[in-house]
Amino acid sequence: MKKIQMVDLQSQYQQIKETVDNSIQEVLNSSTYINGPAVQKFQADLENYLNVKHVIPCANGTDALQIAMMALGLEQGDEIITADFTFAATVEVIALLKLTPVLVDVDAKTFNIDIEALKKAITPKTKAIVPVHLFGQVANMAAVMEIAKEHNLFVIEDNAQAIGADYTFEDGTTQKAGTIGNVGTTSFFPSKNLGCYGDGGAIFTNDDALAHTIRGIVNHGMYERYYHDVVGVNSRLDSIQAGVLQAKLPNLDEYCDARRNAARFYNNALANNPNIITPSAKSNKTKNCNAICDVCDCHVFHQYTLQITNGKRDELHKHLLENGIPNAIYYPVALHSQKAYSDAKYKEEDFPVTNNLIKTVISLPMHTELDNEQLDFITKTIIGFLK
Ligand SMILES: *Cc1c(COP(=O)(O)O)cnc(C)c1O
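Here the residue index of a chain counts from 1 through its sequence in written order. This being a predicted model, a pLDDT of at least 70 is required before a residue's local features are given, and a value of 80 or more before pairs of side-chain atoms are given or counted; all residues contribute to the totals for chains, interfaces and linings. With hydrogens and water stripped out, all remaining heavy atoms of the structure feed into the side-chain values.

An unreviewed UniProt entry annotates the protein chain as Transcriptional regulator originating from Polaribacter filamentus. UniProt positions are given in the numbering used here, feature names are shortened, and annotations may be inferred rather than shown by experiment. Quoted verbatim from the Sequence similarities (unreviewed entry) field of the UniProt record, the comment on the protein chain reads "Belongs to the DegT/DnrJ/EryC1 family."

Rendered as structure tokens:
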């Protein structure tokens, strides 16, 4: 059996080596390392793939969030609501910009922002909602957009984990994750679903004026060379990374399918164990993404995350490692309990789901190169331990 890895970037590279190598070589031949043709080409390809008017590449997914918030003109004291159960980057940029983060609990099945908690958190100071499409599953965007419209709030989708996912509205129309709100952001960190070989990120929007503002902000606030109209940053996707991404983008749908296939294997093998809750198990291919989805298009399985309900999560974590099965606890601490983000305004009883998830979740190996022999070994080892 091939060695099991949490993310197998080497095996994936071997499959696409020639295309990627040629793409990097082209950048080297052109020697245009910043904003070269590879960046322009990738930007256009991604706009086309996402069916969005503007993709603005930048240096990483954290910058993408920060720049999106800067471009919306949010000001000190504005409250930004986001999920308590996510990677810290989301809340970090809110705090960094001296905006006020308001963390709310998540849904027990999808781990995404809880709609009732979101509604409860809205005050006259609320200016924006940041739904995070956690582990590759699109948040309940129909509800988020409705609330945003009602209260006149911006929606910034943190799509670092769900690029390629499709969200289907009740009327049957579909939009790509990250293109539904006012603005969407993503990360091309190597282990993300569309990863480059270094750091990278992008911002998406259908709003022409906002896109213009963002293009200036990523480039020191310049709209005309050496005229700085607003305070900006320096955040660029370099041409070599764009070359890698340009070579990989045509495979993204195939990569999403490979992840869904692995998820389907896990779901089937682990379905009937009373100590395991498989991710958001329910109907397949639902037309209404407010419903819980199993292995449907609205989930691209950035992570495959189980809940272990018999209190043996930490023991399972160790047991799997001892058997050569990498696994991870995403995330072991709720954001509202982190030293940097704790605040007297938070009450423990407002976070029952997150406080439970941090004790029960475990993420299994998930990438595009898992084979059935590996999946069989992983699932049998889990069942053997939890029987
Ligand atoms: C990875 C990630 C980010 C940050 O992306 P970087 O490219 O590492 O800066 C932001 N939000 C979420 C949810 C992520 O998973």
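Don't stop here, the text continues.
Q: Tell me what's going on with the sheet that holds strand E13 (residues 304-308), and back it up with residues and numbers.
A: Strand pairing is assigned whenever DSSP detects at least two bridges linking the two strands. Where helices and strands are cited, they refer to DSSP runs of H or I of at least four residues and of E of at least two residues respectively, numbered from the N terminus. With respect to topology, 3 strands assemble into an open sheet ordered E12-E13-E14, the strand pairing being antiparallel. Among the strands making up the open sheet, the edge pair consists of strand E12 (276-277) and strand E14 (361-364). By the bridge criterion, 4 bridges tie E13 to E14 in an arrangement that is antiparallel. Counted as the bridge partner of Gln307 is Val361 from E14. The contact definition used throughout considers only heavy atoms, calling two residues in contact when any of these lie within 4.5 Å. Here an axis means a line fitted to C-alpha atoms, over the contact stretch when the element is a helix, while the angle between two N-to-C directions is reported on a 0 to 180 degree scale. Lying over the sheet, helix H9 (residues 252-270) contacts E12, E13 and E14, oriented at roughly 20 degrees with respect to E13.

Q: Lay out the layout of surface pockets with the relevant residues and their values.
A: Here a cavity denotes grid points, spaced 1 Å and computed from the protein atoms alone, that fit a 1.4 Å probe unable to get out, and a pocket denotes an open set having protein on both sides within 12 Å along at least 5 of 7 lines; residues with an atom within 4 Å of a point are the lining. Grid points are joined across faces, edges and corners, and a volume is the space filled by probe spheres set on the points. Here the largest pocket is characterised by a volume of approximately 460 Å³. In terms of lining, the largest pocket is formed by 25 residues, of which the most central are Phe87, Gln161, Phe189, Lys192 and His302. Breaking the lining of the largest pocket down by element, the ones donating at least two residues are helix H3 (61-71) and helix H4 (89-96). With 3 residues, H3 is the largest single contributor of residues to the lining of the largest pocket. Three residue categories are used. Nonpolar comprises Ala, Val, Leu, Ile, Met, Phe, Trp, Tyr, Cys and Pro, charged comprises Asp, Glu, Lys and Arg, and polar comprises the others, including Gly. Looking at the lining of the largest pocket residue by residue, the classes come out as 11 nonpolar, 10 polar and 4 charged. For the lining of the largest pocket, the two domains that each supply at least three residues are domain 1 (9-250) and domain 2 (252-386). Empty space within the second largest pocket amounts to approximately 370 Å³. Around the second largest pocket sit 18 residues that line it, and Val102, Leu103, Val104, Ala121 and Asp350 are the ones nearest its centre. For the purposes of this description, domain bounds are those given by an automatic or database domain assignment.

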